[in-house]
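Okay, here's what each chain looks like letter by letter:
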Amino acid sequence: MSLTVVGSIAFDAIKTPFGERERALGGSAVHFSLAASFFGEVRPVGPVGDDFGEREYEVLRRHGVITDDIEHVQGGRTFFWKGEYDWDLNTAHTLDTQLNVFGDFEPKLSQEARDSDLLFLANIQPDLQRHVREQSTGTQLAALDSMNFWIESTRESLLRTISVVDMVLMNDAELRMLTEEPNLMRAAGAVRAMGPRVVIAKQGEYGAALFTEDGFFALPAYPLETVRDPTGAGDSFAGGLMGYLDSQGGAIDDATLRRAMTYGSTLASFWVEEFGCERAERLTRDEIDERYEQFKRMTAIESVPAT
Ligand code: AMP
């Protein structure tokens with residue numbers, strides 16, 4: 001199977017109560033790709049500028065991420081995001097967003113990316129997400145993420161993009177904001193009525209909830225005592241989840257989705273232990289599987305009957 005992702009490729013300035021970084025490698029497609037790389041091949045799509053060099057490519061390549069669909073825009077600058085968290089680490093306060101090379105990016109996918117079985121439209125301008133979806137004629141399963149920035153500025157476009165995907169993964173607050181429904185069950189129902197069969201609400205340190213035709217499932221976050229920087233938690237969750245689904249032939253029955261969420265949460269738990277994607281650099285598949293097994297025992301996930 002194969003997995004492609006479009007999303008931001010970025011430099012992030014991050015400040016949390018536990019420290020700061022001025023220019024960490026980040027972006028939704030980067031966090032996603034690194035997390036998914038533990039399950040198989042992944043191909044990020046997106047532009048970078050002259051400031052994105054060998055050092056950054058090397059982080060991706062070391063994890064086996066295929067970088068052929070990353071477009072270098074001569075004379076351009078890479079997407080830049082600046083955010084801060086206070087003691088409530090669930091909420092990122094955006095201080096600056098510079099789209100830079102994303103400003104007039106027109107994605108042109110390689111044949112391999114078009115043929116990809118699974119596609120993740122990570123957080124980026126929804127028109128771009130839709131253009132990628134339209135080109136991916138070989139895709140069997142397309143999923144999407146977004147955030148308040150795009151709900152506020154490009155709502156209609158986002159609604160159109162949601163109608164052409166199978167699965168939506170968004171923060172619970174953003175699902176409520178998008179649908180103008182304070183009740184999460186109703187908000188998820190409203191998104192499913194737009195077309196997607198599956199909705200997953202990410203709930204930060206409280207975990208994630210799954211809404212499908214067959215039912216509902218809730219998973220707590222892996223209990224951690226050390227959280228230094230939540231940046232990338234959502235994208236590494238999505239990368240672990242989609243990477244696992246890819247490794248399972250793209251199945252989206254409830255039992256497979258529950259396991260995929262458990263892998264997603266496991267990946268996210270490693271991500272938040274350190275800044276940006278620093279923890280990913282040393283992470284191994286054995287560590288992931290060990291924590292997954294431990295998490296499964298804690299949540300008794302295997303005793304939940306599959307629907
Ligand atoms: P999350 O996984 O939700 O914590 O997302 C973190 C990543 O989102 C950061 O590495 C940022 O570079 C990226 N990001 C922040 N704002 C935006 C935006 N408006 N569009 C796309 N990506 C963004």
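Since this is a predicted model, take the numbers as computed values, not measurements. (Residues numbered from 1 in each chain as written. Predicted model: local features only at pLDDT ≥ 70, side-chain atom pairs only at ≥ 80, totals over all residues. Heavy atoms only, no water.)

Draft legend 1. Representation of helix α10 (residues 254–271) within the structure. Between its first and last C-alpha, α10 extends 25 Å over 18 residues, near the 26 Å set by a 1.5 Å rise per residue. Counting buried positions along α10 yields 17 of 18 residues, so the element is predominantly enclosed. (Helix = DSSP H or I, 4+ residues; strand = E, 2+ residues; numbered from the N terminus. Expected span 1.5 Å × (residues − 1). Buried < 20%, exposed > 50% of the residue type's maximum accessible area, 1.4 Å probe, protein only.)

Draft legend 2. How the structure looks around the pattern of salt bridges. Summed over the entire model, instances satisfying the criterion amount to 18 salt bridges. With a shortest N-O distance of 3.1 Å, Arg130 and Asp127 are connected by a salt bridge. Placement of the pair is Arg130 and Asp127 together in helix α4 (residues 126–135), with a separation of three residues, close to one helical turn. Exposure remark for Asp127: the relative accessible area of 28% places this residue in the partly exposed category. For the salt bridge of Lys202 with Asp145, the shortest nitrogen-to-oxygen distance reads 3.0 Å. You can see Lys202 sitting in strand β11 (residues 198–202) and its partner Asp145 sitting in the loop between β9 (141–144) and α5 (148–153), a full 57 residues away along the chain. (Salt bridge = Lys/Arg side-chain N within 4 Å of Asp/Glu carboxyl O.)

Draft legend 3. Region of the structure containing the packing of α4 against helix α6 (residues 155–162). Where α4 meets α6, the axes come as close as 8 Å, and the angle between the chain directions of the two elements is 25°. It follows from the interaxial angle that α4 and α6 lie roughly parallel. Crossing handedness for the pair α4 and α6: left-handed. The segment α4 lies against α6, with Pro126, Asp127, Gln129 and Arg130 engaging Ser157, Leu158, Arg160 and Thr161. Tallied by class, residues from the contact of α4 with α6 come to two nonpolar, three polar and three charged. (Axes fitted to C-alpha atoms, helices over the stretch in contact; angles between N-to-C directions. Parallel < 35°, antiparallel > 145°, perpendicular 65-115°, else oblique. Left-handed = near helix turned anticlockwise from the far one by under 90°. Contact = heavy atoms within 4.5 Å. Nonpolar A, V, L, I, M, F, W, Y, C, P; charged D, E, K, R; others polar.)

Draft legend 4. Structural context of a negative patch on the surface. On the surface, a cluster of negative charge is contributed by Glu20, Glu22, Glu84, Asp86, Asp88 and Glu205. Checked against the element boundaries, Glu22 lands in strand β3 (residues 19–26). (Patch = residues over 30% accessible without salt bridge, like charges linked within 9 Å, V, L, I, M, F, W, Y side chains within 5 Å. Areas by Shrake-Rupley, 256 points an atom, 1.4 Å probe, with all protein chains shown as cover. Lys, Arg positive; Asp, Glu negative; His and termini not counted. Charge placed at Lys NZ, Arg CZ, Asp CG, Glu CD.)

Draft legend 5. Quick look at the nonpolar core. With 58 residues, the main nonpolar core has Met242 and Leu245 as its most contacted residues. It is α10 that provides the largest number of residues to this core, a total of eight residues. Once you skip the residues sitting within four places of it in the chain, Leu245 turns out to touch Leu118, Leu141, Met167, Gly250, Ala251, Ile252, Thr256, Leu257 and Ala260. One finds Tyr85, Ala113, Val165 and Met170 within the second-largest nonpolar core, a separate group that totals 39 residues. (Core = buried A, V, L, I, M, F, W, Y, C linked by side-chain atoms within 4.5 Å.)

Draft legend 6. Fine view of the sheet that holds strand β13 (residues 216–219). Spatial strand order, β5-β4-β1-β8-β9-β10-β11-β12-β13: nine strands in an open sheet with mixed pairing. Strand pairing shows two members of the sheet lacking a second neighbour, β5 (70–72) and β13, which therefore form its edges. Each adjacent strand pair in this sheet contributes to an overall mean axis angle of 15°, direction not counted. Bridging between β11 and strand β12 (residues 208–211) involves four bridges; their strand directions are antiparallel. Of the residues in β12, the one forming a bridge with Ala201 is Ala209. Sheet contacts for helix α9 (residues 233–247): β1 (3–6), β8 (118–121), β9, β10 (167–171), β11 and β12; angle to β8, the most-contacted strand, approximately 170°. Set on the sheet, α10 makes contact with β10, β11, β12 and β13; between it and β13 the angle comes to about 20°. (Pairing = 2+ DSSP bridges.)

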